[in-house]
Every structure is written in structure tokens, then in C-alpha cells.
Amino acid sequence: MGFLDIRNVTKSYGQVEVLHRVDIAIEEGEFLVLVGPSGCGKSTLLNMIAGLEGISGGEIAIKGRVVNGVHPSKRNIAMVFQSYALYPNMTVGQNMTFGLEMHGVPKPERERALADVAKLLQIDHLLDRKPGQLSGGQRQRVAMGRALVRNPDVFLFDEPLSNLDAKLRVDMRTEIKKLHQKLKTTIVYVTHDQIEALTLSTRIAVMNKGHVQQLGTPKDIYDTPANLFVATFMGSPAMNIIPARVVARDGVPYASVTDAEGAPRLLRFSQTNLAAWDGRDILLGIRPEAITDPEGADRKSQNIQTLANRVTVTEPAGSDTFVTMTLGGRDAIARMRADASVAAGQAYDFAVNMEKAVAFDPATEMRILP
Amino acid sequence: MAAVIQDTAVSTGRVTRVLIYLLLLLFALFYLLPLYVMGINSVKPLAEITGGNMMALPEVWTLDPWRSAWSTAQIGVEPTGLKPYFLNSILMVVPAVAISTIVGALNGYVLTKWRFRGDTWVFGLMLFSCFIPFQIVLIPMAVVLGKLGLAGSVPGLVLVHVVYGIGFTTLYFRNYYAAFPTELVRAAQIDGAGFFQIFWRILLPVSGPIAVVSVIWQFTNIWNDFLFGASFGGTSQPMTVALNNLVQSSTGVKEYNVHFAGAILAALPTLIVYIVAGRYFVRGLMAGSVKG
Ligand SMILES: Nc1ncnc2c1ncn2[C@@H]1O[C@H](COP(=O)(O)OP(=O)(O)OP(=O)(O)O)[C@@H](O)[C@H]1O
Ligand SMILES: [Mg+2]
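Draft legend 1. Up close: the overall build of chain B. For chain B, the count of helices and strands is 14 helices and 0 strands. Put simply, chain B runs from its N terminus to its C terminus through helices and strands in the order α-α-α-α-α-α-α-α-α-α-α-α-α-α. Going through the 292 residues of chain B one by one, you find that 40% of them count as buried. Surface summary for chain B: the accessible area is close to 16300 Å², and the carbon and sulfur share equals 72%.

Draft legend 2. Representation of the packing of helix H3 (residues 107-120) of chain A against helix H4 (residues 136-149) of chain A. Residues and elements named next belong to chain A. In the contact formed by H3 and H4, the axes pass within 10 Å of each other and the chain directions differ by 135 degrees. Looking at the two axes, H3 sits oblique to H4. Viewed along their axes, H3 and H4 form a crossing whose handedness is right-handed. In this structure, H3 contributes Ala 113, Leu 114, Val 117 and Leu 120 to the contact, and H4 contributes Gly 145, Leu 148 and Val 149. Considered class by class, the residues forming the contact of H3 with H4 number 6 nonpolar, 1 polar and no charged.

Draft legend 3. Just unusual backbone geometry, in detail. All names here are of chain A. In this model, Ser 236 is joined to Pro 237 through a cis peptide bond whose omega is -5 degrees. With respect to the secondary-structure elements, Pro 237 resides in the loop between helix H8 (228-233) and strand S11 (240-249). One non-glycine residue, Lys 63, lies in the positive phi region at around 50 degrees. Residue classification places Lys 63 among the exposed positions, given a relative accessible area of 52%. In this structure, Ala 85 takes a positive phi of about 50 degrees despite not being glycine.

Draft legend 4. Representation of the site of ligand 1 within the structure. All names here are of chain A. By nearness alone, every residue bordering ligand 1 is listed as Tyr 13, Val 18, Ser 38, Gly 39, Cys 40, Gly 41, Lys 42, Ser 43, Thr 44 and Glu 159. Taking Ser 38, its side chain carries an N or O atom lying 2.5 Å from an oxygen atom of ligand 1. About the coverage of ligand 1: the protein hides 56% of its 640 Å² of free accessible area. The element contributing the most residues to the shell around ligand 1 is helix H1 (residues 42-50), with 3 residues. Of the residues that constitute the shell around ligand 1, the class distribution is 3 nonpolar, 5 polar and 2 charged.

Draft legend 5. Examining the pairing of strand S4 (residues 57-62) of chain A more closely. Residues and elements named next belong to chain A. In terms of strand pairing, strand S1 (residues 4-13) meets S4 through 5 bridges, oriented antiparallel. Counted as the bridge partner of Arg 7 is Glu 59 from S4. Where S4 meets strand S5 (residues 65-66), 2 bridges bridge the pair, whose relative direction is antiparallel. Residue pairing in the sheet places Ile 62 in a bridge with Arg 65 of S5. In this antiparallel pair of consecutive strands, S4 and S5, the connection spans 2 residues, and Lys 63 shows a positive phi of 50 degrees.

Draft legend 6. Geometry of the sheet that holds strand S2 (residues 16-26) of chain A. The strand order across the open sheet built from 4 strands is S2-S1-S4-S5 (chain A), with neighbouring strands paired in antiparallel fashion. In this open sheet, the two edge strands, each paired with only one partner strand, are S2 and S5 of chain A.

Draft legend 7. Spatial organisation of the interface of chain A and chain B. The partner chain B presents 15 residues to the 27 residues of chain A that form the contact. Taken together, the connections running from chain A to chain B amount to 3 salt bridges. The shortest N-O distance in the salt bridge between Arg 150 of chain A and Asp 191 of chain B comes to 3.4 Å. One can count 9 residue pairs in polar contact (both at pLDDT 80 or more) joining chain A with chain B. Elements that contribute at least two residues to the side of chain A that touches chain B include exactly H1, strand S6 (77-80) and helix H2 (92-102) of chain A. The element contributing the most residues to the side of chain A that touches chain B is H2 of chain A, with 4 residues. Considering only residue class, the side of chain A that touches chain B consists of 15 nonpolar, 8 polar and 4 charged.

Draft legend 8. Representation of the packing of aromatic side chains within the structure. Residue and element names in this part refer to chain B. Enumeration according to the criterion identifies 23 aromatic pairs over all chains in this entry. Aromatic side chains Phe 86 and Trp 223 sit 5.5 Å apart centroid to centroid with 75 degrees between the ring planes, which places their arrangement in the edge-to-face category. You can see Phe 86 sitting in helix H5 (residues 83-113) and its partner Trp 223 sitting in helix H11 (residues 208-224), a full 137 residues away along the chain. A relative accessible area of 17% places Phe 86 in the buried class.

Draft legend 9. Structural detail: the layout of surface pockets. The computed volume of the largest pocket comes to approximately 390 Å³. Lining the largest pocket we find 16 residues, and of these Leu 86 and Pro 88 of chain A together with Phe 180, Pro 181 and Leu 184 of chain B sit closest to its centre. Class assignment for the residues of the lining of the largest pocket results in 12 nonpolar, 2 polar and 2 charged.

Draft legend 10. Focus on the domain arrangement of chain B. Residue and element names in this part refer to chain B. Segmentation of chain B into domains returns domain 1 (15-62) and domain 2 (83-291). Carbon and sulfur atoms supply 83% of the area buried between domain 1 and domain 2, which totals about 730 Å² over both sides. The three residues of domain 1 that bury the most area against domain 2 are Met 38, Ser 42 and Leu 46, which together make up 61% of that side's buried surface. Summed over the shared surface of domain 1 and domain 2, the result is 1 residue pair in polar contact (both at pLDDT 80 or more). Of all the secondary-structure elements, those providing two or more residues to the side of domain 1 that touches domain 2 are helix H2 (14-41) and helix H3 (46-51).

Draft legend 11. Spotlight on the packing of H5 of chain B against H11 of chain B. All names here are of chain B. Contact geometry for H5 and H11: axes closest at 9 Å, N-to-C directions at 145 degrees. Crossing geometry of H5 relative to H11 is assigned as right-handed. The residues of H11 that touch H5, namely those facing Phe 86, Ser 89, Ile 90, Met 92, Val 93, Ala 96, Val 97, Ser 100 and Thr 101, are Ser 214, Val 215, Gln 218, Phe 219, Ile 222 and Trp 223. Of the residues assigned to the contact of H5 with H11, the class counts are 10 nonpolar, 5 polar and no charged.

About the criteria used
- Residues numbered from 1 in each chain as written.
- Chains lettered and ligands numbered in written order.
- Predicted model: local features only at pLDDT ≥ 70, side-chain atom pairs only at ≥ 80, totals over all residues.
- Heavy atoms only, no water.
- Helix = DSSP H or I, 4+ residues; strand = E, 2+ residues; numbered from the N terminus.
- Buried < 20%, exposed > 50% of the residue type's maximum accessible area, 1.4 Å probe, protein only.
- Areas by Shrake-Rupley, 256 points an atom, 1.4 Å probe, with all protein chains shown as cover.
- Axes fitted to C-alpha atoms, helices over the stretch in contact; angles between N-to-C directions.
- Parallel < 35°, antiparallel > 145°, perpendicular 65-115°, else oblique.
- Left-handed = near helix turned anticlockwise from the far one by under 90°.
- Contact = heavy atoms within 4.5 Å.
- Nonpolar A, V, L, I, M, F, W, Y, C, P; charged D, E, K, R; others polar.
- Near = heavy atom within 4 Å.
- Polar contact = N/O pair within 3.5 Å; in protein donor to acceptor, adjacent residues only side chain to side chain.
- Pairing = 2+ DSSP bridges.
- Salt bridge = Lys/Arg side-chain N within 4 Å of Asp/Glu carboxyl O.
- Phe/Tyr/Trp six-rings, centres within 6.5 Å; stacked < 30°, edge-to-face > 60°.
- 1 Å grid on protein atoms, 1.4 Å probe; cavity = no way out; pocket = protein on both sides within 12 Å on 5 of 7 lines; lining within 4 Å.
- Points joined across faces, edges and corners; volume = space filled by probe spheres on them.
- Domains from an automatic or database assignment.
- Buried area = accessible area lost by both parts, 1.4 Å probe.

This is the structure in C-alpha cells:
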């Protein structure tokens with residue numbers, strides 16, 4: 001039993017089921033990120049934890065107490081909304097202490113809590129202003145402050161950074177992470193930005209169409225995606241998915257992929273159990289950073305394979321150079337060091353880190369377990 | 001206002017500007033003419049009106065017509081002046097405006113933030129009530145008032161006007177609150193505020209503009225209403241009915257100066273409401289459209 005338990009929870013609107021048997025146990029102090037494309041049910045799930053939406057099936061428990069049907073204010077949770085939802089007629093200070101006031105906390109205690117949190121978030125000088133007189137970043141802080149003041153069991157965030165500009169978003173992301181490390185609070189955080197998910201979380205639940213596709217640490221999700229959806233949704237640029245055929249030589253499995261000219265190239269698998277797939281088609285998943293120039297290859301890897309292929313396009317992006325090639329009839333992207341000498345149209349020997357390669361069953365789209 | 005003028009994109013030349021102002025002045029004078037006639041004739045002795053020019057300034061200034069209209073003129077059979085009827089109107093209009101505005105605000109709040117099955121139907125029916133002509137409801141209304149024991153009383157009139165006004169006030173507040181972010185209500189729910197606390201602490205403080213619209217609309221309609229007053233007023237008739245009785249009386253000489261004074265008295269409250277709250281009225285009407 002966890003700190004926050006979501007047990008077999010479903011949600012239906014009329015006849016339409018939008019969440020299907022979601023089952024997640026969250027430990028105390030965990031930072032769980034719900035990530036997925038628009039309309040996959042992230043907000044719905046978060047609102048159900050908050051008590052703003054009814055639960056159609058299953059149960060949600062906080063600290064062992066089932067909270068189905070318990071009023072939002074009695075669940076000891078706090079929520080930060082995408083639009084911040086600051087009360088426009090109240091000052092920042094009143095906004096932050098409104099919840100305490102509603103819960104009947106006496107004024108001196110409220111003032112003390114307010115002063116502590118305002119100092120922590122460095123918004124002491126804004127307390128007498130109205131939300132309309134704040135910048136986006138300041139409003140964001142106030143919204144978080146309002147949640148912190150309550151000292152709840154669980155913090156719920158619904159895309160709190162999506163209204164900020166790119167630079168501020170990165171800053172606030174770091175800030176939220178610092179805050180979590182300092183306060184060790186339990187957080188459920190919704191986003192559709194996979195970078196936010198990977199950087200902030202201790203665990204990620206990748207959702208699609210109302211199903212949890214995979215639940216795991218950022219490393220699990222990134223290195224060993226459970227299926228094609230997770231593989232392509234997480235990571236930027238996305239994982240290369242290359243049609244390939246398994247060829248076993250003396251019991252050692254190779255991936256046979258066609259290069260730009262249509263000639264087969266062999267890449268030895270690290271997963272020996274793939275020998276059982278001899279002669280069958282699979283989908284080979286390789287992240288862009290696992291295809292490099294030979295000098296840039298991971299020195300710790302036990303299995304760097306050389307792949308000769310023609311370069312289609314190079315895109316220098318400052319710190320890296322992205323190189324596009326044709327592999328298995330599709331475009332594949334390699335991530336090279338910025339000063340790798342490679343030009344479009346040229347034949348090149350790429351280094352492929354096959355330790356990081358994953359294989360998917362084309363029929364089920366699930367990863368073939370090693 | 002200066003800022004508004006500076007904001008206009010088209011810059012006008014000096015001559016055009018003078019022409020525009022002259023034209024506006026002319027229109028203003030034209031619209032003020034009736035008020036001038038009423039004002040000027042209400043401070044003249046009757047002889048000057050019947051014998052001379054309606055437009056001329058009085059030769060002898062007198063406030064007697066006002067005194068007469070207020071406290072001694074013959075209304076119907078009693079020589080009471082308009083005073084008791086004015087009080088009737090105040091006693092009717094203040095609670096009726098207040099209640100219909102508050103109920104409208106609550107309706108708007110529920111219809112937008114506490115949606116329930118069939119809420120659009122309820123709203124549709126309330127909207128429909130805005131289009132029912134007064135005459136149709138006269139007889140059923142009389143029956144209901146009779147059953148309630150409120151016939152011919154000020155509370156009866158208050159009830160009639162509240163019922164009739166709720167459709168409009170609900171429409172105003174519903175459209176205004178529809179543009180109000182629902183996330184704020186959810187945040188307040190999590191903060192532990194109840195139904196009325198959310199209404200009182202979160203929504204009402206930002207409802208100023210639409211409340212002004214509702215108050216002005218209701219005030220003018222209820223104050224100026226004649227039909228309900230004449231039908232259900234009984235012994236506590238409002239100002240409009242009394243003014244009619246004063247002006248239409250067929251016995252004795254027609255005291256035009258007293259009639260003018262009475263008419264101004266009857267129009268004064270709505271005039272004051274417009275002057276005090278008029279600019280908020282326009283702002284409130286705009287608010288919905290800009291935000292929504
Ligand atoms: N009141 C409702 N009635 C019917 N369907 C609804 C309702 N609210 C949400 N849905 C449906 O539920 C699904 C999940 O919605 P939800 O808001 O949870 O998506 P989301 O993952 O938060 O997406 P986004 O990233 O766009 O915020 C959507 O397909 C949506 O159309
Ligand atoms: Mg959402």
C-alpha cells in the first residue's frame with residue numbers, strides 16, 4: 001500500500017469510458033508525472049484525485065483512507081492550475097491564505113505560514129499586489145505558494161508551466177525540482193511535455209487514450225520503453241524505428257537492415273534471446289544518440305557496430321549535428337558531435353551502440369523482452 | 001475621456017472638429033428642449049401658461065406648483081399630492097430591484113458554475129419569460145396574488161416585478177459569469193469555500209459592472225411601469241398611476257404648471273440613477289462582449 005493509491009480507477013462520461021482501469025501506487029515523497037498526448041485523460045485523472053470529478057469505478061486512497069466521494073477540501077490536497085486560478089479581487093497575501101481562512105486557521109498562524117512560504121518562494125515583496133499586477137512567472141510562484149501554505153499531503157499540478165515562455169519555463173522547472181528536493185513532498189504532475197516529464201519525475205506514467213502505457217523511472221521509460229507508443233512519444237528527436245529482419249549466425253542474432261542503396265547491413269544484437277526470432281521481421285528501435293560518429297561512440301559500451309551508409313542531410317544545431325540517412329526505407333536520425341566531419345551525399349561509417357537498441361514485435365507493437 | 005479622444009485613429013482637422021461640436025450641440029439642445037419646457041413651466045403661475053408663450057421664461061418665479069404637486073394636488077378623490085405615491089414607488093422599487101438582482105446573480109452562478117442535468121432547458125425557459133407580454137399574465141397574476149393575499153399591496157407589486165425581472169437579470173448574470181474561469185471556482189472548492197462563500201467572496205466582488213446593468217435596467221422598468229401598478233396597486237398605487245390620475249383628471253381647471261412639476265418628480269429618480277451609474281452601465285454592457 002502506497003501513500004496515494006489509485007486502484008483500478010475508471011472514468012466514464014455517459015457511455016464513453018475515457019479512463020480504463022488505471023492502477024498506480026505512489027510512495028511518500030515521490031514525484032509522479034502523468035504524461036501523454038492531448039485528450040488522453042491526464043487532467044481527468046488528476047481531477048479525480050482532487051475530488052473535482054467523480055470516480056466511476058475503482059477507488060482512490062490517500063494515506064490509506066479511501067477518498068471516493070470525499071469533498072476536495074477534506075482530502076488534504078492542494079492543486080496548481082494551468083491558468084493559476086488566482087482570485088482577481090484579492091491580494092497575493094489574501095490569495096495564499098484564503099484556504100487556511102476557510103479551514104478556520106486563526107489569523108496569527110496564517111500570517112506565520114504566509115511569511116514562511118513567501119520567503120521560500122521569494123515573493124515577500126509582492127504580498128500586497130493584486131494578481132493582475134504580476135508577471136506570468138510571479139503568478140506562477142504565487143499559485144505554488146497558495147498550494148504550499150496549506151502544507152497538504154499531496155500536491156497536484158496540472159500543466160503549471162505551459163503558459164510561460166520557453167526560457168522561464170526552463171527556470172521554473174528547475175525551481176520546482178529544487179523545491180521538491182528540499183521539501184520532499186508527494187507530487188502528481190500533469191504535462192504533455194516529455195522533457196518536463198523526464199527532468200522532474202522520480203517516476204513517469206505514460207498515458208494514451210485512457211490507458212497507462214508504462215509506469216516506471218525516467219531511465220526505464222527512456223531506455224526500455226514497453227511499446228512503440230512510449231518509444232516514439234518520449235525523447236526528442238524521437239527514437240528511430242527501423243524495419244529489420246533477424247538473422248542468426250551460429251546462434252548469434254543480427255539485425256539485417258537495408259541501407260540507402262537497398263543493400264542489407266548486419267548489426268549484432270546484444271540480446272542473445274533474439275536468436276529465436278531468426279528469419280522473422282521486427283521493428284528495431286535505436287535512439288538518435290546511439291548512432292554517432294566513431295569518435296563520439298560510448299566508450300563503455302560492449303557492443304559498438306559499424307554501419308556504412310550514405311548521408312542524406314546534415315543539420316548542425318550548435319552543440320550537436322543531426323544527420324539524416326535512409327535506413328530500412330525510412331529516415332533515421334543520428335546525433336553526432338558538433339565537429340564531426342560529415343557532409344550530405346557522402347558515404348560514412350556510423351557507430352551504432354547496439355547495447356541501447358530495442359526490438360519490437362510488429363504485430364503487437366510490444367517490446368521483445370530480453 | 002481625454003484618453004479616449006487621443007486613442008481615435010483618425011485625426012480630424014480644426015474645421016471638421018468645430019463642425020462636429022456644433023452639430024452635437026444642436027442635437028443636445030434638441031433633446032434638452034422638452035426638459036427645458038417642463039422645467040420652465042413648472043415654476044410659472046398658471047395664468048402665464050394659459051395666457052402666453054410656453055417657451056418664455058416666467059415673469060413671476062414661483063415654487064407653488066411643485067408644492068402643490070408634491071403635497072396638495074387632487075389625486076383621484078383625495079387632495080394628497082404625489083407624496084404618498086412616491087413613497088409607494090420607493091417601497092416597491094427598492095426591494096424589487098434588490099431581490100431580482102440578487103436572485104439573478106445566484107441563478108447565473110448556478111447555471112454556469114454548478115451545472116446540472118437540464119440546466120440549459122431551465123435557462124431557456126427563463127429566457128422565454130423575457131418575451132411574454134405583460135398583458136398575457138394579468139389575469140393569472142391577479143388570481144395568484146389573490147390566493148396569496150397580496151392583492152392591492154406593495155409586497156404584491158414587489159412580487160410581480162421580481163418574478164417578471166428574474167428572466168432578464170438571470171440572462172445578464174449568466175452571460176457575465178459564463179466568461180468567468182471555472183478553474184477559480186474549483187480552486188476555491190479545494191480551498192474549502194462552500195457554495196455561498198464562493199459566490200460571496202470570489203464572484204460577487206468582480207460582478208460590479210453587470211450588477212449596475214441589472215440595477216439600472218430593473219430600476220427604470222419597475223419605476224416606469226404603469227400596467228402592473230394600475231392593475232395590482234389597489235390602494236397602494238405607484239407614482240406612475242398617480243401622475244396619470246393627476247394629469248388626466250377631468251374636473252376643474254387643468255393646472256399645467258402642477259402637471260409639469262409632477263412629471264419631473266416622477267422622472268427624477270431614474271434620471272438620478274442614470275447620471276450616477278450611467279458610465280458603469282456602458283462599461284458593464286461592454287464587459288461581457290470583450291471578455292467572452
Ligand atoms: N465533461 C466531459 N464530457 C465528456 N467527455 C469529456 C469531458 N471532459 C473530458 N472529456 C473527455 O475525456 C478525455 C480526457 O480529457 P482530459 O481533459 O483528461 O485530457 P488531457 O489528457 O488533460 O488533455 P490535455 O493535454 O489537452 O489537457 C478527452 O477525450 C475528453 O474529450
Ligand atoms: Mg488537461
